[in-house]
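Each chain, letter by letter, is given below.
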Amino acid sequence: QTVRWHIELQPWASPTPSLNYEASRFLKYISTSQISCEHMNLNSLKGYSGAAKKPWSICLDERFSLIHRIRRKQCRLYSLGLGNDDNQFELSMANSGCEVHRFDPSIKSAHIQEGRHLWYHRLSIDWRDPNPAIAAHKLHSSTKKLGTVLNEFGHQKIDVLKADVESAEWKILENLILEDVVEQIGQLVFEVHIHWPGFEVSGNDSTVVRYWYSLLRELELKDFRLFHTYKDLSKPQMFLKKEAFNASSCYTLSWVNTRWK
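Going along each chain's sequence as written, the residues are numbered from 1 onward. With the structure being a predicted model, the display of local features is reserved for residues of pLDDT at least 70 and the display and counting of side-chain atom pairs for 80 or more, all residues being used for whole-chain, interface and lining totals. With hydrogens and water excluded, all non-hydrogen atoms of the structure serve as input to the side-chain values.

Colleague: I'm lost on the overall build of the protein chain in this one. Help?
Modeller: Working definition: helices are DSSP H or I runs of at least four residues, strands are E runs of at least two. Numbering for both runs from the N terminus. A tally of regular secondary structure across the protein chain gives seven helices and ten strands. When the 261 residues of the protein chain are sorted by exposure, 52% land in the buried category. Two residues qualify as a contact provided that any one of their heavy atoms is within 4.5 Å of a heavy atom in the partner residue. The long-range share in the protein chain, meaning contacts at least 24 apart out of those at least 6 apart in sequence, stands at 67%. Summing over all exposed atoms, the protein chain offers an accessible surface of approximately 12,500 Å²; the carbon and sulfur share of this is 52%. Here the term buried applies to any residue with accessible area under 20% of the maximum for its type, exposed to any over 50%, and partly exposed to those in between, with areas from a 1.4 Å probe on protein chains only. Surface exposure here means Shrake-Rupley accessible area, sampled with a 1.4 Å probe, where a residue is shielded only by the protein chains that are shown.

Dropping the structure here:
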């Protein structure tokens, strides 16, 4: 199997590169469900209490594996965060019997177990592993790629990957696609930020939006289907530093891997 270094970029949305065309294609894409999901909240699960501050929507329809794995107490959630105190969703999943691992570099100890099913790890999930030969990277030894963590933990699969990583999501998603790690994941719930290109995403505005769109199309090629979009109206209504396109700076997108068993 050959290693891919770059994702395939989709053709431009218009004959000549144009931010207007790229933005409207991208925003239409993230706002259009590709598959319907009837049961999306945890209220239907026993042990669930309270509402999360944000709707982290997962698909609990019978035709997908997640609800069956929750019932058998065999599900696993990885949550990637950065100092966020809203862990209601993680607690709910742990209360449902899921094995929950929350990765956050701001946690005080390397590994903390809270209750039977919830672990906190002082680790930042990144799109590259630190290079031990570079002195500056030694400071970031608690930074690892998701594939590396899965190998170290001995985990073959993640039922749900939730990510709220403040604009690192684009490069992390790219890494998951390029290394085929995404195929080990049942559902993705990602907060995406579009008020600026994101960490280490370069190019002019239309190039950036084409890259974002191409990444999401790669997910579709891997049999992921978007089933829910939450547009966060509490955040600044910005698109690449412009008040334009009736866009929020922040969306929470939920996909299900339709091939996952």
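Colleague: In this structure, what is going on with the nonpolar core? I would like to understand it.
Modeller: Soluble globular proteins: nonpolar side chains tend toward being buried together. Core analysis: the biggest nonpolar cluster contains 51 residues, and Phe26, Leu146, Trp170, Leu188, Trp212, Leu216 and Phe239 have the highest contact counts within it. The biggest single contributor to this core is helix α7 (residues 205–221), with eight residues. Here Leu216 is in contact with Phe26, Tyr29, Ile30, Trp170, Leu173, Leu253 and Trp255, once residues within four sequence places are set aside. Put simply, a nonpolar core is a bunch of buried Ala, Val, Leu, Ile, Met, Phe, Trp, Tyr and Cys residues held in one set by side-chain atoms that sit within 4.5 Å of each other. Within the second largest apolar cluster, 19 residues are counted, among which are Ile67, Met93, Cys98 and Val189.

Colleague: Quick question: what am I supposed to make of the pattern of salt bridges here?
Modeller: Pairing between side chains becomes possible if they bear opposite charge and their charged atoms approach one another. Definition used for salt bridges: Asp or Glu carboxyl oxygen within 4 Å of a side-chain nitrogen of Lys or Arg. Inspection of every chain in the model, using the stated rule, returns 15 salt bridges. Salt-bridge contacts for Glu62 lead to Arg71; the nearest nitrogen and oxygen are separated by 2.7 Å. In this structure, Asp159 and Arg69 form a salt bridge, with 2.4 Å as the shortest nitrogen-oxygen distance. One end of the pair, Asp159, is in strand β7 (residues 158–164); the other, Arg69, is in helix α2 (residues 65–71), with 90 residues separating them in the sequence. A single burial state applies to Asp159 and to Arg69, both of which are buried. One network of salt bridges, in which partners are shared, links Glu90, Arg102 and Lys162.

Colleague: Please explain the state of the cysteines as it appears in this structure.
Modeller: Disulfides are covalent bonds that link the sulfur atoms of two cysteine residues. In what follows, a disulfide is any cysteine sulfur pair within 2.5 Å. Here the structure, examined in full by the defined rule, presents two disulfides. Across the disulfide from Cys37 sits Cys59; the S-S distance is 2.2 Å. What sets the handedness of the Cys37 and Cys59 disulfide is the S-S torsion sign, and at about 105° it is right-handed. Of the two residues, Cys37 is situated in the loop between α1 (19–30) and α2 and Cys59 in the loop between α1 and α2; the sequence distance between them amounts to 22 residues. What links to what in the protein chain: the bonded cysteines, counted in sequence order, pair as 1-2, 3-4.

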